[in-house]
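For reference, the chains in residue letters:
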Amino acid sequence: MYLATTGRRDAPPRPAGARRRVPGTVLVLGTVSLVTDVSSEMVTAVLPLYLVLGLGLSPLQFGLLDGLTTGATALVRLLGGVGADRGGRHKQVAGLGYALSACSRLGLLLAGGATGWIAGALAVDRLGKGVRTAPRDALITLHSPPEDLGRAFGTHRAMDTTGALLGPLAAFALLWATAETYETVFAVSFCVGAFGVLVWLLLVPGRPKDPGRPGDPGEPRHSGEPRHSGGQQDPARPRDDGDTRPKAPAAPRARGGLLAVPRSPAYRRIVLCAALLGAATVGDSFLYLLLQRRLDLDATWFPFLPLGAAAVYLLLAVPAGRLADRIGRRRPLLYGHGALLLAYGLLLAPVPGAAALVGVLVLLGVFYAATDGVLMALTGPFLTGGRQAGGLAVVQTAQALARLGAAVAFGAVWTASGPETALVAALLALAAALVCAARLLPAGPTREGSST
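Here, residues in each chain are numbered from 1, in the same order as that chain's written sequence. Two thresholds apply to this predicted model, a pLDDT of at least 70 for residue-level local features and 80 or more for giving and counting side-chain atom pairs, whereas whole-chain, interface and lining totals are computed over all residues. Derived side-chain values reflect all non-hydrogen atoms in the structure, with water molecules and hydrogen atoms excluded from consideration.

## Let's talk about the overall build of the protein chain
Okay, so step 1: Check the secondary structure of the protein chain and you find 13 helices and zero strands.
Okay, so step 2: Numbering of helices and strands runs from the N terminus, with a helix taken as a DSSP run of H or I at least four residues long and a strand as a DSSP run of E at least two residues long. Listed by position from the N terminus, the elements making up the protein chain come as α-α-α-α-α-α-α-α-α-α-α-α-α.
Okay, so step 3: Buried, partly exposed and exposed residues are distinguished by accessible area as a fraction of the type maximum, computed with a 1.4 Å probe on protein chains only: under 20%, between the cut-offs, and over 50%, respectively. Taken across its 452 residues, the protein chain has 49% of its residues classed as buried.
Okay, so step 4: Contacts spanning at least 24 positions in sequence make up 82% of the contacts within the protein chain whose residues lie at least 6 apart.
Okay, so step 5: Only the protein chains shown count as cover for residues, with accessible areas throughout obtained via the Shrake-Rupley method and a probe of 1.4 Å. Split by element, the accessible area of the protein chain, about 19,800 Å² in all, is 66% carbon and sulfur. Pairs of residues are marked as contacts when any of their non-hydrogen atoms sit within 4.5 Å.

## Some remarks on a nonpolar patch on the surface
Okay, so step 1: Together, Phe195, Leu198, Leu201, Leu202 and Leu203 line one region of the surface with nonpolar side chains, adding up to about 540 Å² of accessible area.
Okay, so step 2: The residue Leu203 is located in helix H6 (residues 182-203) in this model. Like charges within 9 Å and nonpolar side chains (Val, Leu, Ile, Met, Phe, Trp, Tyr) within 5 Å are joined into patches, using only residues over 30% in relative accessible area that form no salt bridge. By salt bridge we mean one thing: a side-chain nitrogen of Lys or Arg within 4 Å of a carboxyl oxygen of Asp or Glu.

## Quick look at the packing of aromatic side chains
Okay, so step 1: Pairing of aromatic rings covers Phe, Tyr and Trp, the last through its six-membered ring, and needs centres within 6.5 Å; plane angles under 30 degrees mean stacked, over 60 mean edge-to-face, and all others mean tilted. Within the structure shown, the criterion is met by six aromatic pairs.
Okay, so step 2: A ring pair is formed by Tyr98 and Trp200, whose centres lie 5.0 Å apart and whose planes are at 40°; its orientation type is tilted. Pair noted here: Tyr98 is in helix H3 (residues 90-111) and Trp200 is in helix H6, with a separation of 102 residues, a long-range link.
Okay, so step 3: A relative accessible area of 2% places Tyr98 in the buried class.
Okay, so step 4: A residue is classified by how much of its surface remains accessible, and Trp200, at 1% relative accessible area, is buried.
Okay, so step 5: Taken together through their ring pairs, the aromatic side chains of Phe286, Phe410 and Trp414 make up a single cluster.

## A closer look at the nonpolar core
Side chains of nonpolar character tend, in soluble globular proteins, to be buried together.
Okay, so step 1: Take the buried residues of types Ala, Val, Leu, Ile, Met, Phe, Trp, Tyr and Cys, join any two whose side-chain atoms come within 4.5 Å, and each joined set is a nonpolar core. Counting residues in hydrophobic clusters, the biggest one holds 73 residues, and the most contacted among them are Trp200, Leu287, Tyr344, Val395, Phe410 and Leu441.
Okay, so step 2: Among the elements that take part in this core, helix H11 (residues 353-379) stands out by supplying 10 residues, more than any other.
Okay, so step 3: Judged by nonpolar contacts, the second largest core, of 19 residues, contains Ala45, Leu108, Tyr182 and Phe186.

## Some thoughts on the packing of H11 against helix H12 (residues 388-417)
Okay, so step 1: Helix axes are fitted to C-alpha atoms over the stretch in contact, other axes to C-alpha atoms as well, and angles between N-to-C directions run from 0 to 180 degrees. With their axes 9 Å apart at the nearest point, H11 and H12 run at an angle of 145° to one another. The two elements H11 and H12 cross, and the hand of that crossing is right-handed. Of H12, the residues touching H11 (which contributes Phe367, Leu375, Met376 and Thr379) are Leu392, Val395, Gln396, Gln399 and Arg403.
Okay, so step 2: Among the residues forming the contact of H11 with H12, the class breakdown is five nonpolar, three polar and one charged. Note on convention: near helix rotated counterclockwise from far helix by under a right angle means a left-handed crossing. Clockwise means right-handed. Three classes are used, and their members are as follows: Ala, Val, Leu, Ile, Met, Phe, Trp, Tyr, Cys and Pro are nonpolar, Asp, Glu, Lys and Arg are charged, and the others, Gly among them, are polar.

## Focus: helix H9 (residues 305-327)
Counting along an α-helix, one turn takes 3.6 residues, and residues three or four places apart therefore face a common direction.
Okay, so step 1: For H9, spanning 23 residues, the distance from its first C-alpha to its last is 32 Å, which sits close to the expected 33 Å at 1.5 Å a residue.
Okay, so step 2: Fitting axes to the seven residues ending at a residue and to the seven starting there, one defines the bend at that residue as the angle between these axes. In the structure, H9 departs most strongly from a straight axis at Leu316, where the bend amounts to approximately 45° and where the proline Pro319 lies between one and four residues downstream.
Okay, so step 3: Buried residues of H9: Leu305, Leu307, Ala309, Ala310, Val312, Tyr313, Ala317, Ala320, Gly321, Ala324 and Asp325, and no others.
Okay, so step 4: Along its buried surface, H9 packs onto helix H5 (149-177), helix H8 (284-295), helix H10 (330-348) and H11.
Okay, so step 5: Positioned one or two residues after H9, Gly328 has a phi angle of 100°, which is positive. By definition here, a helix of n residues has an expected span of 1.5 Å times n minus one.

## Re the side chain of His156
Okay, so step 1: Position of His156 relative to the elements: it lies in helix H5.
Okay, so step 2: We classify His156 as buried; its relative accessible area is 0%.
Okay, so step 3: Beyond its immediate sequence surroundings of up to four residues, His156 is in contact with Val26, Leu29, Gly30, Ser33, Arg136 and Ile140.

## Regarding the environment of Ala356
Okay, so step 1: With respect to the helices and strands, the residue Ala356 is situated in helix H11.
Okay, so step 2: When its relative accessible area of 0% is taken as the criterion, Ala356 is described as buried.
Okay, so step 3: In this structure the C-alpha to C-alpha distance between Ala356 and Ala343, which are 13 residues apart in sequence, comes to 8.6 Å.
Okay, so step 4: Excluding residues that lie within four positions of it along the chain, Ala356 makes contacts with Leu291, Arg294, Leu346 and Val351.

## Brief notes about the side chain of Thr371
Okay, so step 1: Among the structural elements, Thr371 can be located in helix H11.
Okay, so step 2: Leave out the neighbours within four places in its chain, and Thr371 touches Leu333, Gly336 and His337.

## With respect to the packing of H10 against helix H13 (residues 419-440)
Okay, so step 1: With their axes 10 Å apart at the nearest point, H10 and H13 run at an angle of 165° to one another. When the interaxial angle is binned, H10 and H13 end up roughly antiparallel. The two elements H10 and H13 cross, and the hand of that crossing is left-handed. On the side of H10, the interface is formed by Arg330, Leu334, His337, Gly338, Leu340, Leu341, Tyr344, Gly345, Leu347 and Leu348, while H13 contributes Glu420, Leu423, Val424, Ala426, Leu427, Leu430, Ala431, Leu434, Ala437, Ala438 and Arg439.
Okay, so step 2: Grouping the constituent residues of the contact of H10 with H13 by class yields 15 nonpolar, three polar and three charged. Each angle receives one of four descriptions, namely roughly parallel if under 35 degrees, roughly antiparallel if over 145, roughly perpendicular if within 65 to 115, and oblique otherwise.

## Overview of the state of the cysteines
Okay, so step 1: When two cysteine sulfur atoms are found within 2.5 Å, that pair is recorded as a disulfide. This model, assessed by the stated rule, comprises zero disulfides.
Okay, so step 2: Cys273 takes part in no disulfide bond, and the closest cysteine sulfur, belonging to Cys436, lies 8.0 Å away.

## A word on the confidence of the model for the protein chain
Okay, so step 1: A score between 0 and 100, pLDDT records how confident the predictor is in each residue. Averaged over all residues, the pLDDT of the protein chain equals 79, while 76% of them reach at least 70.
Okay, so step 2: Per-residue pLDDT stays below 50 along residues 1-18; that stretch engages in 30 contacts with residues further than four places along the chain or on separate chains.
Okay, so step 3: Counted against residues more than four places away or in other chains, residues 210-252, with its pLDDT under 50, gives 81 contacts.

## Observations concerning the pattern of salt bridges
Okay, so step 1: A full pass over the atoms with the stated rule returns five salt bridges.
Okay, so step 2: With a closest N to O distance of 2.8 Å, Arg105 and Asp125 form a salt bridge. Of the two residues, Arg105 is situated in helix H3 and Asp125 in helix H4 (residues 115-142); the sequence distance between them amounts to 20 residues. In this pair, the class of Arg105 matches that of Asp125, namely buried.
Okay, so step 3: The salt bridge involving Asp325 is made with Arg329; its shortest N-O contact spans 2.6 Å.
Okay, so step 4: Looking at Arg329, the relative accessible area reads 0%, which means it is buried.
Okay, so step 5: The structure contains a network of salt bridges with shared partners spanning Arg136, Asp137, Arg157 and Asp372.

Next comes the structure, spelled out in structure tokens:
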């Protein structure tokens, strides 16, 4: 069965050796994410030190603070997605999310050490992240050809991860240069975040432009316009070029509430699999703590552990996306979770500490490269009728809530029976979830053809 939810079927096929370019809009979105991640990761890298060592919060207080603000993200993710779909306001809703995150850095700067104000600033940051994620990913879907969604999401995630790498390095450089003045980090983070908002406002388009006409070579009018847009045209802009052929239908606008997201069997299977796999995914922090315990690593080096996984993610995000476009997105998604399964096993295996360190960080990077953007690329072609942001938000929320439950369960088993028992339970749960996902996940389209 051929999947034709988006894309033009009347355009001639691209020559086999032709170069496939990432749409300019995706590159702009990636630039905003890169800048914003520099800003956010500057704060994330130093926040535990600031709260626990600087302000004297206990680890339990810090954990509760982080858990409450993370829970708020999952709740607003759905609202942001549905709000963006109603009226096609993807740019406006996502821009609000970026602005909220930037302002939260200013809140940290002005909090003056007051725990309540700090908690409020962190909540605003997480709310901003929850609001912007689904509309931003919907813009990537709307501005990219369906057969190239894996490459588009891979490029965006690679640029995003570049910011995640640069942020902690910039933060620790500022702390070293200013004799651990955390307020300087917050001030610079606010300025960087405000610059990201400015780039968003000036360069990101709100909706796809007119698609190319039949007979055109299938290329966009310019790099920021999609080659495939499902025959949709911005209804606010009439055609004034004298073309007398029938006009493309107006872009559909979403109506209804949260329950009006797509109900196709394939989409439901994706949501179910995202939740199943998320429920067996141990949080990165737990894996880094297990590495730290095994290697007896000095606490000074602990914040740098995520940089190793992020570097692998950065290197593999685009190749993983291109592979997903070529062979279908289902298999890379399963392979990525298989890499996470190997990471669990490596932490349990009697291998030298250095081998465990390198292996776990590499496998974590492979996991994120093969799953993060690929899951969105797999979901995108099944979303029609103006439901892109809401549909993606449901998948993201199901995964996030499942991972939150997995973290709580893993921590409880660790406390009751020890870390090895908790890790064995996680390994068995992930193996079972992979078997279920292998049977349930739809394949999605490929460049050569599409199957359900």
